[in-house]
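# Observations on the three-dimensional arrangement
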Amino acid sequence: MAERAAQEELVRLQGERVRGLKQQKASAEQIEEEVAKLLKLKAQLGPDEGKQKFVLKTPKETLTGKYGEDSKLIYDLKDQGGELLSLRYDLTVPFARYLAMNKLTNIKRYHIAKVYRRDNPAMTRGRYREFYQCDFDIAGQFDPMIPDAECLKIMCEILSSLQIGDFLVKVNDRRILDGMFAICGVPDSKFRTICSSVDKLDKVSWEEVKNEMVGEKGLAPEVADRIGDYVQQHGGVSLVEQLLQDPELSQNKQALEGLGDLKLLFEYLTLFGIADKISFDLSLARGLDYYTGVIYEAVLLQTPVRAGEEPLGVGSVAAGGRYDGLVGMFDPKGRKVPCVGLSIGVERIFSIVEQRLEALEEKVRTTETQVLVASAQKKLLEERLRLVSELWDAGIKAELLYKKNPKLLNQLQYCEEAGIPLVAIIGEQELKDGVIKLRSVASRDEVDVRREDLVEEIKRRTSQPFCIC
């Protein structure tokens, strides 16, 4: 042992020498010579049979074994060395790997980035192969259901503020599902694959799901019927209390833990004022393998835009849950970090907003610009530049057309197309009078405003927050 320790110290010192030479930008020949010595020392040291090496690399083989049947949607690649690589499927697994690599045990964060699914695109439903997700996660050891309730509160706040219509958040717990499968007679080896079948109940009928369970996955028909008795139930905290009295389900330890946590969760959701937006739905399964506890999914309620019209094609717009074991899969010592989070489908939201506005024959506002600085005559570029600079300095979101002498009609038309609400018009007479003509694009009303009062008048008229809808 002492001999090995001495050899390890030589390796450490030689490694520091190599790093020092690189920092000093020594010659390539000198660095190569010292690296060769380091490799020789490492070869002499040999492997430590008592230790299991676990080295996290970015990003190889990170995604496998985390998504269950959805793994078929991962874009698999190979680099030139033949190593397995994949495009990022979601933001949750990379987040868990980041926690493990950096030994983080407590963090709250959000992340917006692209992900990729080898799926059949459906443009009208906001389903793409390359799209953005917005994730929010809380990692750390906390008392039960407090972070989970906060995630659901955030999800409801986001969907309410977007004003995309009425929505419902379905909740369930993977422990309840597993307990339900156990008492119904599902073999342990089929839990996850049957879970994936149940997860399709929001898209197809129970008969179709049952046929898949029995015909494709080999489940006994009587077992499928027992599952059907449970997964077609939904309600509120009263359903939780009812299942706590179920003679079979209440005897299963996993299910009992899940039901107890859901009862506590509903108490917190009531305090947050969102319990009316939440439904305990036993058909919610969330097919991803890494979920370990509470799971949830937000769906828009399919209401017609106008009376007598067909409802818009909508579906799940946000989802998430608890994944307490995922970080441990990346940690060399298997140390777990409890996590819970949510994910918002950005393109799905945009698709719904666009459909609603199209149905209402309204235009989509594509800019946050509050005012366009325009000119009524030629040779006023300098005045436009001077005014737009004043507005920028005052925190006003302003712009101007990049032409020396644009026609007024073209400037006004640009505002209508882009959804810019105000136009600040400079003319020769306005310059003489020390005023700016402020025009409302919607009403076409115009009023002269003294230049020193312009900023306050624009702020007053645009005080409503910007909304994509």
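Calculation criteria
Residues numbered from 1 in each chain as written. Predicted model: local features only at pLDDT ≥ 70, side-chain atom pairs only at ≥ 80, totals over all residues. Heavy atoms only, no water. Buried < 20%, exposed > 50% of the residue type's maximum accessible area, 1.4 Å probe, protein only. Helix = DSSP H or I, 4+ residues; strand = E, 2+ residues; numbered from the N terminus. Pairing = 2+ DSSP bridges. Patch = residues over 30% accessible without salt bridge, like charges linked within 9 Å, V, L, I, M, F, W, Y side chains within 5 Å. Areas by Shrake-Rupley, 256 points an atom, 1.4 Å probe, with all protein chains shown as cover. Salt bridge = Lys/Arg side-chain N within 4 Å of Asp/Glu carboxyl O. Lys, Arg positive; Asp, Glu negative; His and termini not counted. Charge placed at Lys NZ, Arg CZ, Asp CG, Glu CD. 1 Å grid on protein atoms, 1.4 Å probe; cavity = no way out; pocket = protein on both sides within 12 Å on 5 of 7 lines; lining within 4 Å. Points joined across faces, edges and corners; volume = space filled by probe spheres on them. Nonpolar A, V, L, I, M, F, W, Y, C, P; charged D, E, K, R; others polar. Contact = heavy atoms within 4.5 Å.

Strand β5 (residues 167–173) sits mainly inside the fold: six of its seven residues count as buried. Where β5 lies against strand β8 (residues 294–300), seven bridges are found, and the strand directions are antiparallel. Following the sheet pairing, Leu-168 is matched in β8 by Val-299.

Let us now look at a positive patch on the surface. There is a patch of like positive charges on the surface, built from Lys-378, Lys-379, Lys-403 and Lys-407. Locating Lys-403 in the fold gives a position in the loop between β12 (398–399) and α13 (408–418). Accessibility expressed as a relative area gives 54% for Lys-403, which makes it exposed.

Time to look at empty space enclosed by the protein. Scanning the entire structure with this criterion turns up one cavity of 30 Å³ or more. The volume enclosed by the largest cavity comes to roughly 50 Å³. In terms of lining residues, the largest cavity is bounded by Lys-170, Val-198, Asp-199, Leu-201, Asp-202, Ser-283, Leu-284 and Glu-297. Counted by class, the lining of the largest cavity contains three nonpolar, one polar and four charged residues.

Before going further, it helps to examine the side chain of Ser-283. Among the secondary structure elements, Ser-283 is positioned in the loop between β7 (278–281) and β8. Setting aside anything within four residues of it in sequence, one finds Ser-283 in contact with Asn-172, Val-198, Asp-199, Leu-201 and Val-231.

Here we come to the pattern of salt bridges. In total, this model carries 28 salt bridges according to the counting rule given. Residue Glu-34 pairs with Lys-37 through a salt bridge whose shortest N-O separation is 3.5 Å. Here Glu-34 pairs with Lys-37, and both are found in helix α2 (residues 28–45), just three residues apart, close to one helical turn. Classification of Lys-37 as partly exposed rests on a relative accessible area of 39%. The salt bridge partner of Asp-448 is Lys-437, with a shortest N-O separation of 3.1 Å. Of the two residues, Asp-448 sits in strand β15 (residues 446–450) while Lys-437 sits in strand β14 (residues 435–440), which places them eleven residues apart along the sequence.

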